[in-house]
Amino acid sequence: MKKKLMALLLAGTMLLGLAACSRNTGGSQGAAGPAQSSAPAASEAPAEKDASDVKIALVCNGAVNDGGWNASAFEGLNRIHDELGVETAYSEKVAIAEVPNVLRTYARQGFNLIFGHGAEFGEPMSTVAPEFPDVQFVAVNANVSGDNLSGTVYKFGELGYFSGMAAAMVSETGKIGIIPPDDAPNNKADMDTFELGAKAVDPDIQVMSAFTGSWDDLPKAKECADSLISQGCDVLLPLGDAYSVGVFQACEEKGIHSEGWVSDQHGLSDTVICSGIQSNPDVYVATAKSFLDGTFTPGVGVYGFENGAQSMSEFYGLNDDQKAQMEAAIQDYLDGKLDIPTLY
Amino acid sequence: MEVLKIFLTPDFWSSAIRLMTPLMLAALGGIICERAGILNMALEGQILMGAFFAYLGSYLTQNVWLGLVIAMIGSMSLAVIHAFMSINVKVNQVVVALGLNTLAIGITSTIFRFMFGTDSQMANCPGFKAIHIPGLSDIPFIGPVLFGQYPLTYIALLALFGISWFLFHTSRGLELRAAGENPQALDVAGVDVIRIRWLAVLVTGAFCGLAGACLTLNGLNTFYDNISSGRGYIAYAAIVFGKWNPMGTTLATLLFGAGDALQLRMQAMNFNIPYYFYLMMPYLITFLALVFFMGPSKGPAASNVPFVKDKARSSKRRPKQTSGIGGK
Amino acid sequence: MNKRVRSVLNSLISVVLALVLAFVVIGILLMWRGYDPAATFLALFKGAFVGKSNLSASLVLAIPLILGGLGIALSFRCGIFNIGGEGQLYLGAFAATWLGVNLQGLPFFLHIPICLLGSMLFGGMWALIPGWLKIKKGYNETITSVLLNYVGLYFVNYTLASFFKGEGTLNNQSPKIQESAMLSRLIPGTELSTSLYLTIAIVILFWFIFYKTDIGFKLRAVGANGEAARTSGVNTGKYLLIAIITSGALSGLAGSVQILGYQHLLVQNFSPNTGYDIISVALMGSLHPVGVALAGFLLGALRSGASVMQIMMGVPVTILYIIQGIVILSVLGFSYAKIDFIGLVSGLFSDSKRGMEKEAAK
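Residues numbered from 1 in each chain as written. Chains lettered and ligands numbered in written order. Predicted model: local features only at pLDDT ≥ 70, side-chain atom pairs only at ≥ 80, totals over all residues.

Trainee: If you had to explain the overall build of chain C to someone new, which residues and values would you point to?
Mentor: Looking only at helices and strands, chain C has 15 helices and zero strands in total. Scaling as 2.2 N^0.38, a compact globule of 362 residues should have a C-alpha radius of gyration of about 21 Å, and chain C matches this with 22 Å. Counting only C-alpha atoms and orienting by the principal axes, one finds that chain C spans roughly 70 × 60 × 35 Å. For chain C, the proportion of its 362 residues judged to be buried stands at 59%. Residue pairs in contact within chain C that sit at least 24 positions apart in sequence constitute 76% of those at least 6 positions apart. (Helix = DSSP H or I, 4+ residues; strand = E, 2+ residues; numbered from the N terminus. Rg over C-alpha atoms; globule rule 2.2 N^0.38 Å. Buried ≥ 20, exposed ≤ 12 C-beta atoms within 10 Å, placed from the backbone. Contact = placed C-beta atoms within 7 Å.)

As structure tokens, then:
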């Protein structure tokens with residue numbers, strides 16, 4: 001008797017499932033359009049939120065102890081926790097297949113602001129966001145937007161330009177090198193302006209590049225650095241995440257200069273003459289602050305020199321003349337007298 | 001033609017040797033195991049264990065040589081499981097190795113997080129310094145290539161000669177090879193096959209520990225999740241490529257190291273080739289060389305065949321994949 | 001008790017024991033670092049099975065593992081150690097995405113099958129290379145397939161950075177596939193798609209062909225004893241080739257169902273390590289289709305549970321690999337050592353018939 005009942009139940013569920021099988025993909029996606037009119041009413045009420053009602057989560061693709069890209073997000077999250085007194089949580093090493101469920105779990109756990117740290121979060125977030133109209137989703141470094149979905153992008157290219165200038169100033173061989181992980185558009189922008197900036201200082205300078213093909217292969221980065229050095233480069237800029245250390249070590253061994261990326265990496269190696277700072281923590285804290293005081297509006301936020309999210313560190317390895325030259329260039333850029341072809 | 005000039009620079013060759021050292025150590029170790037009749041696909045996991053424990057040991061003791069010892073112990077602990085499973089329990093040797101590789105990823109990245117937390121910014125450990133052998137390292141070209149390397153490279157060279165001599169010129173080496181070719185005959189001659197195989201697997205583990213230490217202690221001085229990134233599989237390919245011969249295997253790892261060094265230099269020369277093809281190059285070169293120049297190779301006859309005492313007649317037959325060798 | 005039921009029960013018990021062993025090891029590790037093991041495991045369990053959303057997330061992760069695992073199981077059963085799943089999976093996903101993006105104006109009932117078949121074709125072709133080299137030339141397939149993994153992976157990454165790159169994206173990813181190529185969702189608000197039915201159908205089909213047809217019989221014969229099969233007139237080369245191509249095709253499918261099912265576009269490294277995880281699944285499932293399906297579900301559930309556990313407890317997800325490793329090794333160990341748990345248990349209660357059977361079985 002029981003067996004028969006089970007069989008019936010199973011058959012029933014199969015049938016239901018098959019019925020659900022009929023095409024309805026359009027439905028969930030089409031809903032995003034018309035829903036626009038009703039959703040903002042809920043999310044745009046400019047009420048200040050109490051810190052104890054807010055929970056903020058961070059989802060990363062990589063490891064949060066990578067000393068680079070993901071670590072900067074983690075630092076931002078920790079600063080939100082310490083400075084704003086908000087409850088925070090994070091997930092690291094989340095593969096793309098797991099992202100949607102992780103996002104939903106956070107949303108259901110009552111997290112109101114969820115950061116995804118990287119462009120690859122744009123797509124899954126635009127799927128999940130419509131399901132949770134009360135939760136704000138922010139994909140860092142992604143060009144996405146929606147009712148409760150925002151992206152943040154940097155003005156890619158600014159840092160490359162000034163790093164290139166500084167590199168050209170200290171180079172004696174007339175050859176400088178750049179070590180990006182891959183040729184994604186943001187890296188490409190910085191690579192292009194790196195060359196432009198260098199040529200602005202020394203028109204004859206030669207710029208070489210070697211890709212590591214990975215965001216975290218330290219040994220590979222070191223070999224890339226060695227190979228560029230053997231081609232005569234005497235200033236290297238690692239454009240990556242976790243592998244800067246590998247490049248710095250090669251530079252230390254050969255006694256040449258290097259530049260830092262994302263954070264001020266002078267502390268990691270004395271060879272670092274200056275660093276291009278992309279302050280992810282600042283972006284995180286600023287976003288969380290505006291979320292708390294009710295001024296947050298969904299959309300694509302562009303961060304660069306003008307709002308302080310990108311900047312150059314102190315110029316450790318430059319003489320006073322060169323420092324002055326750099327600062328003048330940065331001022332010109334801020335005043336709109338210098339044009340840098342940035343992405344966004 | 002620019003490319004050909006690369007081969008004339010000492011820097012290229014020293015870089016090739018540096019890149020081949022971990023592969024060479026792991027592959028040489030692997031030969032011992034393979035020759036004794038244990039197919040070892042677990043090199044990858046053992047290298048990873050070695051890399052992590054080298055870092056951990058060197059960090060905790062602040063002594064790089066103690067770190068090396070701890071690296072060997074770390075990867076030998078994985079080898080113990082490997083030996084027990086494949087020799088005593090007689091599990092298929094390919095599949096047990098794949099399980100071990102997964103376990104190694106888990107152990108290393110979990111303990112790494114537990115020990116160093118998530119906010120430590122890459123605590124550095126003491127590492128090796130390149131040794132410039134006085135006099136010899138001043139010889140043009142050969143000097144920087146051969147005599148300005150890290151200590152582990154010299155150890156690898158010693159291992160090459162040591163293992164060649166041991167395998168082909170000692171009676172113990174003969175026994176070891178017999179364990180892989182015809183264990184039944186060896187058993188009849190009164191030699192303990194099980195013991196030989198156990199020792200071989202453990203020695204392989206020790207070598208993989210050294211190989212792993214190359215990755216973390218040769219100037220890098222830090223660890224990262226899954227730092228071995230497939231080098232164990234390449235080392236295994238090198239063993240087959242080199243036809244289970246130490247010299248041939250070393251040349252195979254040199255081919256791979258040179259391929260890697262070449263692609264890095266070609267990238268720096270700004271040819272208009274997408275860089276993904278450079279990354280592919282070492283693997284593609286190895287694959288093509290294997291297929292077009294080497295021809296198929298046959299390993300030791302009893303490789304991947306568990307040894308069962310008193311079953312002399314069935315030594316040639318491979319076991320069923322599902323159930324191993326039949327019960328008594 | 002009949003022999004078959006007994007062996008199934010034995011496998012189940014060995015998986016349970018393996019899990020217990022894994023949890024004991026993890027529990028000790030957790031206590032060492034001051035986590036609460038009971039709460040952690042509860043979070044893992046809830047995250048894997050409790051609630052519509054969690055359960056479907058587990059299924060979503062399980063589907064590619066099951067499909068790929070079946071392929072690996074087939075090739076291992078036939079004595080071909082195809083470790084090239086990673087490359088085959090990426091090429092399959094590439095083919096499906098390319099067809100999904102570039103074929104326009106097709107109705108879904110044509111578009112979806114074309115994409116799926118395309119992925120199977122690409123995966124199968126990529127597996128054919130090591131297969132052909134082994135069967136015709138005698139090259140060791142483990143090595144060639146591992147080397148080809150990297151070649152395939154870098155090739156796909158290259159396409160995503162060049163001619164197959166979507167416009168206006170910061171990372172290297174393909175354009176979105178046409179709507180007609182998307183599988184429909186089974187449960188709104190989850191990623192679970194009709195690929196679930198496809199997977200169930202393939203498991204059943206696989207079981208039927210492998211155990212109930214002539215081809216299946218010959219495949220099994222070749223795997224069990226190639227020498228004997230050849231002397232009895234079976235064209236072993238042909239069946240080995242069938243095995244490895246099917247294995248590659250299923251790996252390719254494991255890639256394409258993720259794209260057509262919910263990712264809808266191809267991102268570089270979209271499915272890290274899956275090509276190796278499917279080997280784990282095949283082994284945990286004792287190379288039997290039903291076993292593979294259960295093992296795939298178990299691993300998918302563990303994976304999905306672990307990411308929820310990380311959210312709730314702050315325990316690193318990497319412990320998952322320890323669990324996975326211990327489970328694979330113990331299941332293998334139990335099955336090769338031929339430990340008869342039923343016999344052991346009943347032997348404890350009565351030293352009569354069962355105990356003697358156990359002795360006899362030894």
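Text resumes after the structure shown.
Trainee: Break down the overall build of chain B for me, with residues and values.
Mentor: When its secondary structure is counted, chain B shows 13 helices and zero strands. Taking 20 Å as the expected radius of gyration for a compact globule of 328 residues, we find that chain B reaches 20 Å, a close match to that expectation. For chain B, the spread of C-alpha atoms along the principal axes amounts to about 65 × 50 × 40 Å. Looking at chain B as a whole, 56% of its 328 residues qualify as buried. Long-range contacts, defined here as pairs at least 24 residues apart, represent 76% of the contacts in chain B between residues at least 6 apart.

Trainee: Just give me the short version of the sheet that holds strand β11 (residues 300-303) of chain A, but keep the residues and values in it.
Mentor: All names here are of chain A. Strand order in the open sheet formed by six strands is β2-β1-β3-β4-β5-β11, with parallel pairing between adjacent strands. Every other strand in the sheet has two partners, leaving β2 (87-91) and β11 as the edge strands with one partner each. Sheet twist, expressed as the average angle between the axes of neighbouring strands with direction ignored, equals 20°. In this structure, strand β1 (residues 55-59) lies alongside β2, joined through five bridges in parallel fashion. By the bridge assignment, Val-59 is partnered in β2 with Ser-91. (Pairing = 2+ DSSP bridges. Axes fitted to C-alpha atoms, helices over the stretch in contact; angles between N-to-C directions.)

Trainee: Give me the lowdown on the interface of chain B and chain C, citing residues and values where you can.
Mentor: Between chain B and chain C, the residue contacts involve 41 residues of the former and 49 residues of the latter. Listed by contribution, the elements that provide at least two residues to the side of chain B that touches chain C are α4 (64-88), α5 (93-116), α11 (231-241) and α13 (275-294) of chain B. Here the side of chain B that touches chain C gets 15 residues from one element, more than from any other, and that element is α5 of chain B. Broken down by class, the residue content of the side of chain B that touches chain C amounts to 28 nonpolar, ten polar and three charged. (Nonpolar A, V, L, I, M, F, W, Y, C, P; charged D, E, K, R; others polar.)

Trainee: Let's hear about the sheet that holds strand β6 (residues 175-179) of chain A: which residues, and what values?
Mentor: All names here are of chain A. Pairing is mixed across the open sheet formed by six strands, whose spatial order is β7-β6-β8-β9-β10-β12. Edge positions in the sheet fall to β7 (206-209) and β12 (310-312), since each has one partner strand and no second. On average, each strand axis in the sheet is tilted by 15° relative to the strand beside it, whichever way the strands run. By the bridge criterion, three bridges tie β6 to strand β8 (residues 235-238) in an arrangement that is parallel.

Trainee: Got a sec to walk through the confidence of the model for chain C? Specific residues and values, please.
Mentor: All names here are of chain C. Residues at a pLDDT of 70 or more form 96% of chain C, whose mean pLDDT is 88. Highest mean pLDDT in chain C belongs to helix α4 (residues 85-102) (95); lowest belongs to helix α15 (residues 353-361) (51). Predicted complex, confidence summary: ipTM 0.84, pTM 0.82. (pLDDT = per-residue confidence, 0-100.)

Trainee: For the interface of chain B and chain A, give the residues involved together with the corresponding values.
Mentor: Contacts between the two partners involve 23 residues from chain B, matched on the other side by 28 residues from chain A. Take the side of chain B that touches chain A: its biggest share by element is four residues, from helix α12 (residues 246-268) of chain B. The residue makeup of the side of chain B that touches chain A, split by class, is nine nonpolar, ten polar and four charged.

Trainee: How would you explain the packing of helix α3 (residues 43-61) of chain B against helix α10 (residues 193-217) of chain B if you had to name every residue and give the values?
Mentor: Residue and element names in this part refer to chain B. It is at 6 Å that the axes of α3 and α10 come closest, and there the two elements cross at 60°. Considered as vectors, α3 and α10 are oriented oblique to each other. Where α3 crosses over α10, the two elements pack in a sense that is right-handed. On α10, the residues touching Leu-43, Gln-46, Ile-47, Leu-48, Met-49, Gly-50, Ala-51, Ala-54, Tyr-55 and Ser-58 of α3 are Gly-205, Cys-208, Gly-209, Leu-210, Ala-211, Gly-212, Ala-213, Leu-215, Thr-216 and Leu-217. Classifying every residue of the contact of α3 with α10 by side-chain character gives 13 nonpolar, seven polar and no charged. (Parallel < 35°, antiparallel > 145°, perpendicular 65-115°, else oblique. Left-handed = near helix turned anticlockwise from the far one by under 90°.)

Trainee: Describe in detail helix α2 (residues 10-35) of chain B, supporting the description with residues and values.
Mentor: Residues and elements named next belong to chain B. Its 26 residues give α2 an end-to-end C-alpha distance of 35 Å, which sits within 8% of 38 Å, the value for a rise of 1.5 Å per residue. Within α2, the axis deviates most sharply at Met-20, by approximately 40°, and proline Pro-22 lies no more than four positions further along. Taking burial as the measure, the 26 residues of α2 include 24 buried ones, the bulk of the element. (Expected span 1.5 Å × (residues − 1). Bend = angle between axes of the 7 residues up to and from the residue.)

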